[in-house]
Amino acid sequence: EVQLVESGGGLVQPGGSLRLSCVASGFDFSDYKMLWIRQAPGKPLEWVSGVSSRGGTTTYADSVKGRFTISRDNGKSTLYLQLNSLKPEDTAVYYCNAVRWLRGNFWGQGTQVTVSS
């Protein structure tokens with residue numbers, strides 16, 4: 001079956017760094033655009049970043065641009081998000097999302113990132 005499993009979340013201090021991973025299985029990972037989406041407590045889902053199927057194009061929300069870096073390793077069927085200069089407002093559950101037009105839209109169960117002193 002299709003699976004997306006996020007990991008790497010945890011508690012970090014403001015200004016700290018974290019790297020999230022999302023390991024995919026059960027579908028052709030290299031054919032899918034990958035997104036990171038987050039949800040803070042009591043807030044709606046927020047798109048964070050995206051990367052094209054081959055990794056050649058990356059996009060970021062204004063709130064994270066310059067601090068976060070998305071990447072992927074198609075050989076390992078893994079998506080990454082490097083989070084630097086973390087702020088308390090980055091606290092959220094981070095989800096990976098695989099998208100292919102008229103083909104698939106898959107979600108992981110999320111990993112918690114908490115930024116606090």
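Described in the following lines is the structure provided in the data block. (Residues numbered from 1 in each chain as written. Predicted model: local features only at pLDDT ≥ 70, side-chain atom pairs only at ≥ 80, totals over all residues. Heavy atoms only, no water.)

## Observations regarding the nonpolar core
The condition is simple: The definition of a nonpolar core used throughout is a set of buried Ala, Val, Leu, Ile, Met, Phe, Trp, Tyr and Cys residues joined through side-chain atoms within 4.5 Å. Note on classification: 1.4 Å probe, protein chains only; a residue is buried when its accessible area is under 20% of the maximum for its type, exposed when over 50%, partly exposed between these limits. Per the convention used, a helix needs a DSSP run of H or I reaching at least four residues, while a strand needs a run of E reaching at least two, with both numbered from the N terminus. We call two residues in contact when some of their heavy atoms are within 4.5 Å.
With 29 residues, the main nonpolar core has Leu4, Met34, Trp36, Leu79, Leu81 and Tyr94 as its most contacted residues. Looking at this core, the elements that each hand over two or more residues are strand 3 (18-25), strand 4 (33-39), strand 5 (46-51), strand 7 (68-73), strand 8 (78-83), strand 9 (92-100) and strand 11 (111-115). Sequence-distant contacts of Met34, defined by excluding residues within four places in its chain, comprise Leu4, Phe29, Ser49, Gly50, Val51, Ile70, Arg72, Leu79, Cys96, Asn97 and Ala98.

## Considering the pattern of salt bridges
Where charged atoms from two side chains of opposite charge approach closely, those side chains can pair. Selection rule: One side-chain nitrogen of Lys or Arg within 4 Å of one carboxyl oxygen of Asp or Glu is enough to make a salt bridge.
Scanning all chains against the criterion turns up 4 salt bridges. In this structure, Asp31 engages Arg100 in a salt bridge whose closest nitrogen and oxygen atoms are separated by 3.7 Å. Taken together, the residues span a long stretch of sequence, with Asp31 in the loop between strand 3 and strand 4 and Arg100 in strand 9 at a distance of 69 residues. The class of Asp31 is partly exposed, set by a relative accessible area of 32%. A salt bridge links Asp90 to Arg38, with the nearest nitrogen and oxygen atoms 3.0 Å apart. Residue Asp90 is located in the loop between strand 8 and strand 9, and its partner Arg38 is located in strand 4; the two are separated by 52 residues in the primary sequence. The same class applies to Asp90 and to Arg38, which are both buried.

## A short note on the side chain of Ser21
Within the secondary structure layout, Ser21 lies in strand 3. The contact partners of Ser21, leaving out residues within four places of it in the chain, are Val5, Glu6, Ser7, Trp36, Thr78, Leu79 and Tyr80.

## Concerning unusual backbone geometry
A positive phi angle is found at Ser77, which is not glycine, with a value near 50 degrees. Phi at Ser85 is positive, roughly 50 degrees, even though this residue is not glycine. Mapped onto the fold, Ser85 is located in the loop between strand 8 and strand 9.

## Looking at the sheet that holds strand 8
What counts is decided by this rule: Note on pairing: DSSP must find at least two bridges between two strands before they are called paired. For every element, the axis is a line fit to its C-alpha atoms; helices are fit only across the contacting stretch, and the angle between N-to-C directions ranges from 0 to 180 degrees.
Strand order in the open sheet formed by 4 strands is 1-3-8-7, and the pairing between neighbours is antiparallel. The open sheet has two edge strands, strand 1 (3-7) and strand 7, and neither has a second partner. Mean inter-strand twist for the sheet, computed between neighbouring axes without regard to direction, equals 15 degrees. Across 5 bridges, strand 1 lies against strand 3 in antiparallel orientation. Residue Gln3 lies in a different strand from strand 3, and its bridge partner there is Ser25.

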